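Take a look at the letters that make up each chain.
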Amino acid sequence: MAASSSLPHHVPTALTLLFILVSATTTNGSIGVNYGTVADDLPPPGEVARFLLQSTVINRVRIFDPNPELIQAFAHTGIQLTVTVPNDQIPRLANLSFAQQWIKSYIQPYFPATNLVRILVGNEVLSTGNRLLIGTLVPAMQTLHAALAGASLDRRIQISTPHSLGILSASTPPSAGKFHGGYDVHILKPLLGFLRSTNSPFMINPYPFFGCSEETLDYALFRPNLGFLDPNTRIRYTNMLDAQLDAVFSAMKSLGFGDLEIVIAETGWPSKGEPSQIGAGQENAAQYNRNLMRHVNSGDGTPLMPNRTFETYIFSLFNEDLKPGPTCERNFGLFGPDLTPAYDVGIARSSGPTATPSPAEPDGGGERKGAGKWCVAKEGADVDSLQRNIDYVCGALVGLGPGCGPIQEGGECFFPDTVRAHAAYAMNAFYQAMGRNDYDCDFRRTGAITAVDPSYGNCKYGH
């Protein structure tokens, strides 16, 4: 590894990542899963991480507490990890020294080997009704962000907090969505302002399962139905999730924050429930989650937010047998403790990269797959995304051929010294090293395959 002084400012000095899976597939690139552990029969975290990497298209995971064993398990996988701060720690995080120590204990020892991308301060805090938690929520988020900034991680890791739909005082029709009075101006407006200033998303937990009746079951499951007409906009909604998302959007817009990204932090459907619970069952759970993934990644958006995709986390990875409450609470899992699917939702990887990268060799002297193709930065890809590609790939390629050496200062490809040029070289190096699979040039839709050799002068792109 070259000395840090010789690295360009685009290339990270901590080149520790052994393998990065930037995006599993184009169609499922925004699907994550909530990994809860309120159970006594779950497989070891390391086995879970390997299973997700090698056998599924899931590339985002949220955990519900800063468990070092869980965080460490996702090291060198490239899976984007979101860590949740338990609600009871929120008041203490408003103290800067505690927030700094929290970052030193739970983030810095594992980053960047573990691809930590977001910290969630509590879960559904406003719905607790606890005045201390509610009053310290935004100060805790601000202080934790200051602690990240002190560690030079504020541009790498976002801060947010998920909300239940209970924050809305009105959700029907969607165009009239409003936050509860008192919370809207005093809590949510400052919170939204913080999210805007830090380029972080507003996160919600919509569950059509809990909002449906026998008459609206098709509406909740994205099945053909008569829909619901919003009398204000004359828009007909054909699924409940869109209506819930647009109600939240309307409430945000009324406070002047209609520009913020919305992330679905939790949503799902139980495969088993009480006899009185409408719709619980494997068939409906499979149908909801399949339709959910198709819809949020379609690019259709919602009636009030057209042409959007939504980063979405399904609840949950496993059935959790120790959770209290009705039967459904223990049966939202996609997988059993033996990692067999509870039902098929189309997230199994039929083929894909292995955990250890190695350049593909010619088969019997024949031409390698994808010969004459290169991976470059897609036109219009934003600089921050390309910088993240560089960070990830230059860790992944340690020890593989020239790695990122050519884009270090003094290297053959250092000039032009721009993020786009360096990203193109790094992305192609990864694509070539992984065997020229189309999905290895996806990079969250910032990569493009070309048949035109991008080499120039002494800068030679691998092929």
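Quick caveat, the model's predicted, so the values are computed rather than measured.

**Concerning the sheet that holds strand β5 (residues 158-160)**
Then comes step 1: Read from one edge of the open sheet, nine strands run β5-β4-β3-β2-β1-β13-β12-β9-β6, paired in parallel fashion. Single-partner strands in this sheet number two, and they are β5 and β6 (162-164). Taken over all neighbouring pairs, the strand axes of this sheet differ in orientation by 25° on average, direction set aside.
Then comes step 2: Relative to strand β9 (residues 202-205), helix α6 (residues 183-197) is tilted by about 120°, and along the sheet it contacts β5, β6 and β9.
Then comes step 3: Across the sheet, helix α9 (residues 240-254) lies against β9 and β12 (262-267), angled at about 135° from β12, the strand it touches most.

**Concerning the packing of helix α4 (residues 96-106) against helix α5 (residues 131-150)**
Then comes step 1: Two elements in contact, α4 and α5, have axes separated by 8 Å at closest approach and are oriented at 55°. When the axes of α4 and α5 are compared, the pair comes out oblique. As α4 runs across α5, the sense of the crossing is right-handed. Contact with α4, carried on its side by L96, A99, Q100, W102 and I103, involves T143, L144, A146, A147 and L148 of α5 and no other residues of that element.
Then comes step 2: A class-by-class count of the residues in the contact of α4 with α5 yields eight nonpolar, two polar and no charged.

**Looking at the environment of Q277**
Then comes step 1: Relative to the helices and strands, Q277 is located in the loop between β12 and α10 (282-296).
Then comes step 2: For the pair Q277 and T327, spaced 50 residues apart in sequence, the C-alpha separation works out to 9.7 Å.
Then comes step 3: Aside from chain neighbours lying at most four places away, what touches Q277 is F209 and C328.

**Let's talk about the nonpolar core**
Then comes step 1: In this structure, V61, W102, I119, F179 and F202 are the most contacted members of the largest nonpolar core, which totals 102 residues.
Then comes step 2: If you look at the next biggest cluster of nonpolar residues, it comprises 26 residues, including C375, V376, L386 and Y431.

Quick notes on the rules
Residues numbered from 1 in each chain as written. Predicted model: local features only at pLDDT ≥ 70, side-chain atom pairs only at ≥ 80, totals over all residues. Heavy atoms only, no water. Pairing = 2+ DSSP bridges. Helix = DSSP H or I, 4+ residues; strand = E, 2+ residues; numbered from the N terminus. Axes fitted to C-alpha atoms, helices over the stretch in contact; angles between N-to-C directions. Contact = heavy atoms within 4.5 Å. Parallel < 35°, antiparallel > 145°, perpendicular 65-115°, else oblique. Left-handed = near helix turned anticlockwise from the far one by under 90°. Nonpolar A, V, L, I, M, F, W, Y, C, P; charged D, E, K, R; others polar. Core = buried A, V, L, I, M, F, W, Y, C linked by side-chain atoms within 4.5 Å. Buried < 20%, exposed > 50% of the residue type's maximum accessible area, 1.4 Å probe, protein only.

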